[in-house]
Amino acid sequence: MPVNPRSDALPAAQQSRAALDLAERAALKAQTRLRAALDALPEGIVFLDEEGRYILWNKRYAEIYHRSADLFAPGAKLADTLRVGVQRGDYPEAVGREEAWLAERLNMMANPGPPHEQRLADGRWILIEERRTDDGGNIGIRVDITELKQREESFRLLFDANPVPMFLYEARSLSIVAANKAAVDHYGYSAFQLKDMSVLTLYDGEEHEALRRAMGDRPAQLPDGMWRHRKRDGAQVEVTLFQRELEWGGKPAVLLAAVDVTERRRAEARVAHMARHDALTSLPNRTLHRERVEALLAASKSGEDSFALVLIDLDHFKTVNDTLGHSVGDRLLQEVAVRLQLCVGTADMVARLGGDEFAVIHAGADRDAVITLVERMAAEVNRPYVLDGHQVLVGASFGIAMAPSDGDDPDRLLKSADLALYKAKGEGRGMFRFFEETMDNELQARLKLETELRAAIAQGELSPHYQPLVNLESGRVCGFEALVRWNHPERGIVPPGEFIPLAEEIGLIGAIGKQVLNQACRDAASWPEDIKIAVNLSPVQFKTTNLTETVVQALANSGLSPHRLDLEITEALLMDKDGGTLATLNGLRSLGVGISMDDFGTGYSSLSYLRSFPFTKIKIDQSFVRDLATSADSQAIVRAILSLGSSLGMTVTAEGVERPEDLDYLRQEGCAEGQGYYFSAARTAEEVLEMVGGPRVQATEATPVEASPERRTA
Ligand code: C2E
Ligand code: MG
Ligand code: MG
């Protein structure tokens, strides 16, 4: 008879027995212990007799099937509970084929095979294992594997639907167990081809061999990181591999994810290229240029020159940009880039450092070869360009430094080439210069001068001195020319020739010119009415300042009458035929201010300039006056200018009158005015005040004034 296993439900008949013998007690105890042990198991356990009737089951078993512990009536058969379950729809797999399913299930108990999974209607999964017992009964083991199934399911989902190509391979044999859709799509092999294929097949030739050699005949898990794979169609891809070890079907396996980084790599390469190349010309940029210089310098250990650095600056590029527009300017730069590249050798590098500045690194230290190269580049750059229907002409200046002798670090070398370029440009456009040691000193001196000059302007160290202009007929002082002086705290009086050109270059001439003009007008306002003041103007003032405004202000502030002011300009101003300049001159003229042509005769086409504007005065350059006594040519030129002046109605002043003979000649030829050391060098404002207040110089007894410290020895 079946033993009801639950001890708490022992039959009353047994309980009522007065005494149990010890053996029975012991058996009962053992049975109770066995129960407790079974109930403690995580698996569900059920024992059946040879007819399939329930003998014993544990708590977990009842739980799995949601049955109360004493549900099974004595003698109940598993087949019966199954049938009830099937009818109730507990087993989704049985729906529609109830009898067949039941038959299979019972057959499975009679002839147990490997464990199988069973799905329940509520979604749980149970692993079922059956074993025969020696007495012809059955032991059934049930494990709730719902959680495991869910995990497996999400793994499948992650694997199959993942956009990253993934493979699962056996850790020992390296053969592929599974591949996801992305892997099939990406690599071009079918799922069928991939199955059992060695994962090594995915690797590109060389790396495949390397891995094979490294592993020998003991295949191991492949390394992570960057690798090259080859697709079925032969295309090479760069991949980053990520791997995880796991168990698959009870064997160690590896999950491999292969992220294709080919595109990203290409994009990175593009970015890297962009960081080292100029977008406009595609030439190497400053960064790459510098890297090359660094590398070459590092390589030239011997100290012997091994390469030349040529800096190239286009002449008049700004004009092209300003007049024809930036797109034409851009195209010009592109064309220059191409032409330069065609000039250099394969070992040379042309770079664009920015703006209109290019650099060529020329391998080899033969100076003649460098000169040949530079001349070739100059000729190429000079050839006309046709851009946007415009014929464009530009030139280039070149500065050359030899490495490593002109600089053994990149900064020094570049600075040397820069100094040479600066010198070349200073000598006019289209020149080239090699670096020389003295250039550096010159630059230092220049930089010092620049700082000092800025401070000087701010601190009022600049002021005009005045040199008299004498009416040669009356012998009287008829005016003064303001000549700026820099009263330098250490160097004393500095003449304008030493700082005006620099001031023009670095944009300080506007401020200086304004200071001088204001001061000169103020000083002149305190002189007698018949004494005029002449002030020099730089061409740069016309371009960078509102000159008319400045002059109007100076006159207004000082109260000086406009007809007492003469402005001196040189031919250089009229050289570029700029309509604006003439308009300004006419505007000034209409204020009543006089305009003098200074240093006449030293320019190129003086006569045409005289025609272009109604000057009030011509000043014959001192170089002609200086030679008057000895040079017949100078005499002829002076005479010609004098007659030109009288026919054009312009006063003529002779500059640089130093000797009585000169004065005699000029007077004889009817020159109206003279200026020079014979009369006086430039004087301070105080001295001038004394001079104009004192007795006038008589024409007949014109005598040289005292030698001034400024007086030059001719
Ligand atoms: P410049 O306008 O032709 O001035 C005449 C120069 O000749 C002055 O030189 C003067 O000192 C010098 N000189 C006068 N008489 C004689 C002489 O008998 N013999 C010789 N050998 N030289 C004589 P300085 O003062 O050195 O000025 C040089 C130039 O600097 C001036 O030439 C003028 O172009 C420029 N300059 C002077 N002051 C200014 C200024 O305030 N503004 C501008 N933009 N330029 C100025
Ligand atoms: Mg002058
Ligand atoms: Mg002059």
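What you are looking at is a predicted structure, and each value in this text was computed from that prediction instead of being measured.

Basis of the calculations
Residues numbered from 1 in each chain as written. Chains lettered and ligands numbered in written order. Predicted model: local features only at pLDDT ≥ 70, side-chain atom pairs only at ≥ 80, totals over all residues. Heavy atoms only, no water. Helix = DSSP H or I, 4+ residues; strand = E, 2+ residues; numbered from the N terminus. Rg over C-alpha atoms; globule rule 2.2 N^0.38 Å. Buried < 20%, exposed > 50% of the residue type's maximum accessible area, 1.4 Å probe, protein only. Contact = heavy atoms within 4.5 Å. Areas by Shrake-Rupley, 256 points an atom, 1.4 Å probe, with all protein chains shown as cover. Near = heavy atom within 4 Å. Polar contact = N/O pair within 3.5 Å; in protein donor to acceptor, adjacent residues only side chain to side chain. Nonpolar A, V, L, I, M, F, W, Y, C, P; charged D, E, K, R; others polar. Donors = N, O, S within 2.8 Å, 3.2 Å for Na, K, Ca; no water. 1 Å grid on protein atoms, 1.4 Å probe; cavity = no way out; pocket = protein on both sides within 12 Å on 5 of 7 lines; lining within 4 Å. Points joined across faces, edges and corners; volume = space filled by probe spheres on them. Salt bridge = Lys/Arg side-chain N within 4 Å of Asp/Glu carboxyl O. Core = buried A, V, L, I, M, F, W, Y, C linked by side-chain atoms within 4.5 Å. Phe/Tyr/Trp six-rings, centres within 6.5 Å; stacked < 30°, edge-to-face > 60°. Lys NZ or Arg CZ within 6 Å of the ring centre and 35° of its normal.

Asker: How should the overall build of the protein chain be read in this particular structure?
Answerer: When its secondary structure is counted, the protein chain shows 27 helices and 26 strands. The globule rule puts the C-alpha radius of gyration for 714 residues at 27 Å, and the 54 Å found for the protein chain is more than 25% above it. Oriented by its inertia axes, the alpha-carbon framework of the protein chain measures out at about 175 × 60 × 50 Å. The buried share of the protein chain, reckoned over its 714 residues, is 42%. Expressed as a percentage of contacts within the protein chain between residues at least 6 apart in sequence, the contacts between residues at least 24 apart total 58%. If you sum the accessible surface of the protein chain, you get close to 37100 Å²; carbon and sulfur atoms cover 53% of it.

Asker: Mind showing me how you'd approach the site of ligand 1 here?
Answerer: Of all residues adjacent to ligand 1, which total 21 residues, the nearest are Gln467, Asn536, Asp598, Glu658 and Tyr677. A distance of 2.5 Å is found between a nitrogen atom of ligand 1 and a side-chain nitrogen or oxygen belonging to Glu658. Compared with its free state, where it exposes 790 Å², ligand 1 has 87% of that area covered by protein. Secondary structure elements with two or more residues in the shell around ligand 1: strand E19 (477-488) and strand E23 (594-600). A total of four residues in the shell around ligand 1 trace back to one element, the largest contributor, which is E19. Taken together, the residues that form the shell around ligand 1 break down as seven nonpolar, six polar and eight charged.

Asker: I would appreciate a short explanation of the coordination of the magnesium ion (ligand 2) in the present structure.
Answerer: Note on metal sites: the ideal angle is 109.5 degrees for four tetrahedral donors, and 90 or 180 degrees for six octahedral donors. On the protein side, the magnesium ion (ligand 2) has Glu481 (OE), Asn536 (OD1), Glu568 (OE) and Asp598 (OD) as donor atoms, found 2.0 to 2.2 Å from it. Mapping the donors of the magnesium ion (ligand 2) onto the primary sequence yields the spacing E-x54-N-x31-E-x29-D. Taken as an interatomic distance, the gap from the magnesium ion (ligand 2) to the magnesium ion (ligand 3) is 3.9 Å; Asp598 donates to each of them. One end of the pair, Glu481, is in strand E19; the other, Asn536, is in strand E21 (residues 532-536), with 55 residues separating them in the sequence. In this structure Glu481 comes out as buried when scored by relative accessible area, which is 3%.

Asker: Just checking my understanding: could you explain the layout of surface pockets for this structure?
Answerer: Counted as a void, the largest pocket has a volume near 1200 Å³. Leu483, Pro496, Asn536, Asp598 and Asp599 are, among the 43 residues lining the largest pocket, the residues nearest its centre. Contributions of two or more residues to the lining of the largest pocket are made by E19, helix H17 (500-505), helix H18 (509-525), E21, helix H19 (539-544), E23 and helix H24 (622-626). Considering only residue class, the lining of the largest pocket consists of 19 nonpolar, 12 polar and 12 charged. Computed from the structure, the second largest pocket encloses a volume of approximately 580 Å³. Surrounding the second largest pocket, 11 residues form its lining, His316, Lys425, Gly426, Arg429 and Glu505 being those nearest its centre. In terms of residues, the lining of the second largest pocket owes the most to one element, helix H15 (residues 410-426), which gives four residues. For the lining of the second largest pocket, the per-class residue count stands at one nonpolar, three polar and seven charged.

Asker: Sorry, what's going on with the pattern of salt bridges here?
Answerer: Close approach of charged atoms allows side chains of opposite charge to pair. All chains considered together, the criterion is met by 46 salt bridges. In this structure, Glu104 engages Arg97 in a salt bridge whose closest nitrogen and oxygen atoms are separated by 2.4 Å. A relative accessible area of 41% places Glu104 in the partly exposed class. Between Lys415 and Asp440 there is a salt bridge, with its nearest N and O atoms 3.4 Å apart. Residue Lys415 is located in helix H15, and its partner Asp440 is located in helix H16 (residues 437-459); the two are separated by 25 residues in the primary sequence. Through salt bridges with shared partners, a single ionic network connects Lys532, Asp566, Lys617 and Glu673.

Asker: How should I be thinking about the environment of Tyr466 in this particular structure?
Answerer: Summarising the element assignment, Tyr466 is placed in strand E18 (residues 462-471). Considering only alpha carbons, one finds Tyr466 and Ser612, 146 residues apart in sequence, at a separation of 30 Å. A distance of 2.6 Å separates a polar atom in the side chain of Tyr466 from a polar atom in the side chain of Asp523.

Asker: Whenever I open this one, the nonpolar core confuses me. Can you help?
Answerer: A general tendency of soluble globular proteins is for nonpolar side chains to be buried together. Leu453, Ile533, Leu565 and Leu567 are the most contacted members of the largest nonpolar core, which has 73 residues in total. The leading source of residues in this core is H18, at seven residues. For Leu453, the residues in contact, after removing those within four places along its chain, are Leu462, Trp486, Phe499, Leu502, Ala503, Leu508 and Ile512. Judged by nonpolar contacts, the second largest core, of 33 residues, contains Ala308, Val360, Val370 and Val392.

Asker: Please explain the packing of aromatic side chains as it appears in this structure.
Answerer: Any two aromatic rings considered together are summarised by their centre-to-centre distance and by the angle between their planes. All told, the structure shown has 13 aromatic pairs when counted by the stated rule. With a centroid separation of 6.0 Å and 75° between ring planes, the pair formed by Tyr54 and Trp57 is classed as edge-to-face. Take Tyr54 and Trp57: they sit in the same class, and that class is buried. Put simply, the rings of Phe155, Phe159 and Trp248 pair up and form one aromatic cluster. Positioned over the ring face of Trp125 is Lys149, at 4.5 Å from the centre of the ring. Over the aromatic face of Tyr385 sits the side chain of Arg339, whose NZ or CZ is 3.7 Å from the ring centroid.

Asker: Even after reading the chapter, I still don't get the coordination of the magnesium ion (ligand 3), so can you show me in this structure?
Answerer: Coordination of the magnesium ion (ligand 3) by the protein comes from Asp598 (OD), Asp599 (OD), Glu655 (OE) and Glu655 (OE), over a distance range of 2.0 to 2.5 Å. Along the chain, the residues that donate to the magnesium ion (ligand 3) are spaced as D-D-x55-E. On the basis of relative accessible area, Asp598 is assigned to the buried category, the value being 6%.

Asker: Can you help me understand empty space enclosed by the protein in this one?
Answerer: Taking a probe equal in size to a water molecule and rolling it over the atoms shows the remaining empty space. Counted under the stated rule, the structure contains three cavities of 30 Å³ or more. Of the voids in this model, the largest cavity is the one considered here, and its volume is about 80 Å³. Lining of the largest cavity is provided by Tyr54, Tyr61, Tyr65, Arg67, Leu78, Thr81, Leu82, Tyr91, Arg105, Gln118, Ile128 and Arg142. Considering every element that reaches the lining of the largest cavity, the biggest residue donor is helix H4 (residues 78-88), with three residues.

Asker: Would you mind going over the environment of Pro464 with me for this structure?
Answerer: As for its placement among the helices and strands, Pro464 is situated in strand E18. A relative accessible area of 5% places Pro464 in the buried class. In this structure the C-alpha to C-alpha distance between Pro464 and Asp627, which are 163 residues apart in sequence, comes to 28 Å. Setting aside residues no more than four positions away along its own chain, Pro464 makes contact with Ala482, Leu483, Val484, Val516, Gln519 and Ala520.

Asker: Could you clarify how one ought to interpret the side chain of Glu450 in this entry?
Answerer: If you trace the backbone, Glu450 turns up in helix H16. In this structure Glu450 comes out as buried when scored by relative accessible area, which is 17%. Setting aside its immediate chain neighbours within four residues, Glu450 contacts Leu502 and Ile506.

As far as function goes, none of this settles anything; it's purely spatial.
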